[in-house]
Amino acid sequence: MVCALLSCRGAAADDVVSLEDCLRLALARSPETRAAAADETAAEARVRGARAAYWPQLLGQAQYGHAEGYDVAVTNGGVTQFGLAVDVPIWDGGLRAAGLAAAQERLRSAAALTEQHRADVAFAVRTAYWAALAARREAEIESDAVRALGDYLALQQRQAQLGLAPAGDVPRVELALANARSAARSAVAALDAATRELSERIGSPLDGAALLAQASLLPLPHTDDGLDGSPPIADARAAAAAAQHETDAVRSERRGRFGLAADGGFLGVNPGPTFRDNGGGEFLFSFSIPLFDGGAIAARVAAAAATAASADANVELVRQTIAIALGRLQTETRRAQADLDAWRGVQPAATEALLLMRARYVGGGDVRLLDVLDVLTQSVDARLALVHAELALQTATAAQYQVLGKVEP
């Protein structure tokens, strides 16, 4: 029932594909991580742009114009200009500092989102990988049940032909065999779905038989340090700090501007005399301050301050949401671990009971077929429950890593 062909391109040695291989390939080609990396690059560029505001602006100026038929006092007959200009903002009321700080916080936010996207991809890969392993084990368990029931069916058919078995035993075994085959097909379908998802994420065809069973992640301790250092909280805090700096940038409009402008070159009417006689330079100190704007600046400050207050509240909201989610996941982890320990203790007894019941039945003991089928079902259910408990524990643990934005232990 389980496909055994190993066909993974780019697989590790001996055609075995480990979880680490899948994580590495998926993180390298994931659209989410590539988009997040591009956003981070854009944020870095905005930081460089904010720093550039501290440098003087050097401009080249050139123009030529000629006018006819107008009053010379108005048009001067035209203009010829060629020169360089420098614009140096000396004081801007804190606008540049606030803009740079906001850009740096946006960069921190983008870096945190990149880290979280990587954690999301890692969670998706881990859950698909472990789901495939669980489905493969389920298919193996159901295949064992199908073989055992097939043997019982053949035995019952022979005994029925000899008149040694009750008339209802053969249909009972046939029904149990049909159910086992259906469960096996479901497990194979689940294995196929999980391997298809993994293949799409890593960009290579992958077969379920190539997966390598590995140890689970260790559960994370529930500490405030790990919670506060998670990328979602870092993103929220950076967004709140950026909003505060943007509020400061709006407030700086009330403080006015002071700067120096200087230019030199040639300025005149006709090109010849202009370049021969009219070369020079000038500089200008300027200061401006808003006196009355109808409340426009105050309105923008109020809007920016409200946005900053909302961002501050969002930090607490994100922290609360993560704390609740992490608490639930840790509860789920403990429950899954308890289930796993319980089923590990039950499985040997179920296997032993099946072997004993089978031996008594084949040996002609006072055991009915219905009792054998019941014990076989219990043994299969115990093995499947162990697989499901392991998968639940792995998934809950991986979800803790995702919530805290972690890729590696």
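Residues numbered from 1 in each chain as written. Predicted model: local features only at pLDDT ≥ 70, side-chain atom pairs only at ≥ 80, totals over all residues. Heavy atoms only, no water.

Turning our eyes to something else, we now look at the overall build of the chain. For the chain, the count of helices and strands is 10 helices and 4 strands. The N-to-C order of helical and strand elements in the chain reads α-α-β-α-β-α-α-α-α-β-α-β-α-α. Sorting the 409 residues of the chain into buried and exposed places 36% on the buried side. When contacts within the chain are restricted to residue pairs at least 6 apart in sequence, long-range pairs at least 24 apart make up 82% of them. Accessible area of the chain: about 22300 Å², with a carbon and sulfur share of 58%. Computing the positive centroid from 38 side-chain charges and the negative centroid from 49, the chain places the two 3 Å apart. (Helix = DSSP H or I, 4+ residues; strand = E, 2+ residues; numbered from the N terminus. Buried < 20%, exposed > 50% of the residue type's maximum accessible area, 1.4 Å probe, protein only. Contact = heavy atoms within 4.5 Å. Areas by Shrake-Rupley, 256 points an atom, 1.4 Å probe, with all protein chains shown as cover. Lys, Arg positive; Asp, Glu negative; His and termini not counted. Charge placed at Lys NZ, Arg CZ, Asp CG, Glu CD.)

One ladder, built from 10 bridges, connects strand β1 (residues 57-66) with strand β2 (residues 78-91); its direction is antiparallel. Note that in β2 the partner of Q57 across the bridge is D87. Looking at chain direction, β2 and strand β3 (residues 257-268) are connected through 11 bridges and run antiparallel. By the bridge assignment, W91 is partnered in β3 with F258. (Pairing = 2+ DSSP bridges.)

Attention now goes to the pattern of salt bridges. In total, this model carries 17 salt bridges according to the counting rule given. One salt bridge in this structure joins R137 and E390, with 2.3 Å as the shortest N-O distance. Of this pair, R137 sits in helix α4 (residues 95-161) while E390 sits in helix α10 (residues 369-403); the two residues are 253 residues apart in sequence, bridging distant segments of the chain. When its relative accessible area of 32% is taken as the criterion, R137 is described as partly exposed. The class for E390 is buried, based on a relative accessible area of 18%. Here D144 makes a salt bridge to R147, at a shortest N to O gap of 2.1 Å. With a gap of 3 residues between them, D144 and R147 both fall in helix α4, about one helical turn apart. When its relative accessible area of 27% is taken as the criterion, D144 is described as partly exposed. (Salt bridge = Lys/Arg side-chain N within 4 Å of Asp/Glu carboxyl O.)

In this section: the sheet that holds strand β4 (residues 279-288). Within the open sheet, the 4 strands sit side by side as β1-β2-β3-β4. Their pairing is antiparallel. Of all strands in the sheet, those bounded by a partner on one side alone are β1 and β4. Each adjacent strand pair in this sheet contributes to an overall mean axis angle of 20 degrees, direction not counted. (Axes fitted to C-alpha atoms, helices over the stretch in contact; angles between N-to-C directions.)

Looking now at the nonpolar core. The biggest cluster of nonpolar side chains holds 44 residues, and the ones touching the most others in it are C22, V125, Y129, W130, L198, L211 and I322. Elements with a contribution of two residues or more to this core: α1 (19-29), α4, α5 (169-202), α7 (231-251), α9 (296-362) and α10. Sorting elements by how many residues they give to this core places α4 first, with 11 residues. Other than its neighbours up to four places away in sequence, V125 contacts L19, C22, L23, A26, L198 and R201. The next biggest cluster of nonpolar side chains, apart from the first, holds 22 residues, and it includes A148, L153, L177 and L373. (Core = buried A, V, L, I, M, F, W, Y, C linked by side-chain atoms within 4.5 Å.)

Here the focus is the confidence of the model for the chain. Per-chain confidence: the chain averages 86 in pLDDT, with 90% of residues scoring 70 or above. The model gives residues 1-14 a pLDDT under 50, and that stretch makes 29 contacts with residues more than four places away or in other chains. (pLDDT = per-residue confidence, 0-100.)

Quick look at the environment of V79 now. Structurally, the position occupied by V79 is in strand β2. Judged by relative accessible area, which is 27%, V79 ranks as partly exposed. For the pair V79 and M357, spaced 278 residues apart in sequence, the C-alpha to C-alpha distance is 110 Å. Among residues more than four places away in sequence, those in contact with V79 are Q63, Y64, G65, L267, G268 and V269.

Glancing now at the packing of α5 against α10. Two numbers describe how α5 lies on α10: the axes approach to 11 Å, and their chain directions differ by 10 degrees. Here α10 runs roughly parallel to α5, going by the angle between their axes. Of α10, the residues touching α5 (which contributes D169, R172 and V173) are L369, L370 and L373. (Parallel < 35°, antiparallel > 145°, perpendicular 65-115°, else oblique.)

Tallied over the full model, the rule gives 3 aromatic pairs. On the numbers, 6.1 Å between centres and 10 degrees between planes, the contact of F258 with F285 is stacked. Of the two residues, F258 sits in strand β3 while F285 sits in strand β4, which places them 27 residues apart along the sequence. Three or more aromatic residues joined by ring pairs make a cluster, and in this case those are F258, F283 and F285. Positioned above the aromatic ring of Y401 is the side chain of R126, whose terminal nitrogen or guanidinium carbon lies 5.9 Å from the ring centre. (Phe/Tyr/Trp six-rings, centres within 6.5 Å; stacked < 30°, edge-to-face > 60°. Lys NZ or Arg CZ within 6 Å of the ring centre and 35° of its normal.)

Right, let's get into helix α2 (residues 31-52). Note on helix geometry: an α-helix contains 3.6 residues per turn, so any two residues three or four positions apart are oriented the same way. The end-to-end C-alpha separation of α2 is 32 Å, in line with the 32 Å expected for 22 residues at 1.5 Å each. Among all positions in α2, only T33, A36, E40, A43, V47 and A50 are buried. Seen end-on, α2 carries its buried residues on one side only, within an arc spanning 90 degrees. Residues of α2 that are exposed and point more than 90 degrees away from the buried face comprise P31 and R48. (Expected span 1.5 Å × (residues − 1). Arc of directions from axis to C-beta.)

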